[in-house]
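# A structural walkthrough
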Amino acid sequence: MANLAVEQRKRVTVLFSGRGSNMETLIKASLADDYPAIITHAITNRPNAGGIEIAKNYNVETSIFDHKAFDSREAHEEVLRAELERQNPDIIVLAGYMRIFNESFVKHFPGKMLNIHPSLLPKFKGVDTHNRAIEAGEKTHGCSVHFVDASLDGGPIVAQASVPVKQDDTADTLSDRVLVQEHLLYPKALELVASEMVTHQNGEIKVSPEFDKTSTNFIIAP
Ligand code: GRF
C-alpha cells in the first residue's frame, strides 16, 4: 500500500487499565507508513498500569485519571470526556479498559469508540469469559472487536478471530491462545475502520464493496 501522509491518517487515543499488550500491538502497527491510523495519545485510569511504561517507550503522550480519586463515576467521566474533547481523536480505542461507561458518556462519541472483548460475541459478555467458555463445553472460543454502544459488550461487531478449545485447556492456557489472536485482530480491525472499509451507521455495520472479506482469516462483520 502507498505511504500515507500524517494528515491522511486517523488520530487515535487508546484507553487502557492494565499491562497494555493490545495497545502495544496497535502502536507497533501504526508505525508502518501505510497504516491508516496513528496512536497520538493514551489514557489510563490506573496509576500503576504496566501499559504506562509501554506508551512512554513509544513516546505516546499518556494521561492518568485515577478513578479512585473521584467521588463518582460521573465526575471521573466528566474529566475523561473533557480530555478526549481536547485531544479530539477520530477514533477512541478501548484496549483492556476495565471501566463501564454511563450511557451519556458513550453518546458523546457516537460511532467513534472501539473495544476488544475476549469472546466470540454475543457469547460470554462481561468478565471471566475463558472459564465460562470452558465450563459451557464450547469447542470454539475467540475474541471480537466491536463498536461501543450503551450496552455491555453489545455494539455492532467489526471482526472476530476464533481458536479451538482443547480438552485440557485451563482458563490460562485458553486466554494465552486467545491473546495471540487479539494481537492480530485488533490492528486489522482498526485498519479496516480507519480506512473506512468498515463503517458504522445508525447501529448498522457496512463493509465497503472494495474490501474482499476472503482476503483475511478473520470473520468480518458477522
Ligand atoms: C484483553 O484480554 C482484552 O481482550 C480484555 O482485557 C485484556 C487486556 O489485555 N478486554 P492487555 O492490557 O491489552 O494486555
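So, here's what we can say about the structure. (Residues numbered from 1 in each chain as written. Predicted model: local features only at pLDDT ≥ 70, side-chain atom pairs only at ≥ 80, totals over all residues. Heavy atoms only, no water.)

Inspection of the region around the ligand gives Arg-19, Gly-20, Ser-21, Asn-22, Gly-96, Ile-116, Pro-118 and Glu-182 as its neighbouring residues. Side-chain polar atom of Arg-19 to an oxygen atom of the ligand: 2.5 Å apart, as the coordinates give it. Between an oxygen atom of the ligand and a main-chain N or O atom of Asn-22, the distance comes to 2.9 Å. Against a free-state accessible area of 370 Å², the protein chains account for coverage of 85% of the ligand. Across the shell around the ligand, the residue classes break down as 2 nonpolar, 4 polar and 2 charged. (Near = heavy atom within 4 Å. Polar contact = N/O pair within 3.5 Å; in protein donor to acceptor, adjacent residues only side chain to side chain. Areas by Shrake-Rupley, 256 points an atom, 1.4 Å probe, with all protein chains shown as cover. Nonpolar A, V, L, I, M, F, W, Y, C, P; charged D, E, K, R; others polar.)

Turning to the pattern of salt bridges, a few remarks are in order. Tallied over the full model, the rule gives 8 salt bridges. With a closest N to O distance of 2.9 Å, Lys-10 and Glu-196 form a salt bridge. Taken as a pair, Lys-10 in strand E1 (residues 10-16) and Glu-196 in the loop between helix H6 (171-194) and strand E8 (198-201) lie far apart in primary sequence, 186 residues in all. Residues Glu-61 and Arg-86 are paired through a salt bridge, measuring 3.8 Å at the closest nitrogen-oxygen approach. Pair noted here: Glu-61 is in strand E3 (residues 61-64) and Arg-86 is in helix H3 (residues 73-87), with a separation of 25 residues, a long-range link. (Salt bridge = Lys/Arg side-chain N within 4 Å of Asp/Glu carboxyl O. Helix = DSSP H or I, 4+ residues; strand = E, 2+ residues; numbered from the N terminus.)

In this section: the sheet that holds strand E5 (residues 113-117). The sheet built from 8 strands is open, its strands ordered E3-E2-E1-E4-E5-E6-E7-E10 with mixed pairing. Of all strands in the sheet, those with a lone pairing partner are E3 and strand E10 (219-220), marking the two edges. Against the sheet, helix H1 (residues 21-30) engages E1, strand E2 (37-44), strand E4 (91-94) and E5, with an angle of about 155° to E2. (Pairing = 2+ DSSP bridges. Contact = heavy atoms within 4.5 Å. Axes fitted to C-alpha atoms, helices over the stretch in contact; angles between N-to-C directions.)

This part covers the packing of aromatic side chains. A full pass over the atoms with the stated rule returns 3 aromatic pairs. Summarising the aromatic geometry, the rings of Tyr-97 and Phe-101 are spaced 5.6 Å apart at their centres and angled 20° between planes, so their arrangement reads as stacked. What makes Phe-101 buried here is its relative accessible area of 11%. In this structure an aromatic cluster arises from ring pairing among Tyr-97, Phe-101, Phe-105 and Phe-109. (Phe/Tyr/Trp six-rings, centres within 6.5 Å; stacked < 30°, edge-to-face > 60°. Buried < 20%, exposed > 50% of the residue type's maximum accessible area, 1.4 Å probe, protein only.)

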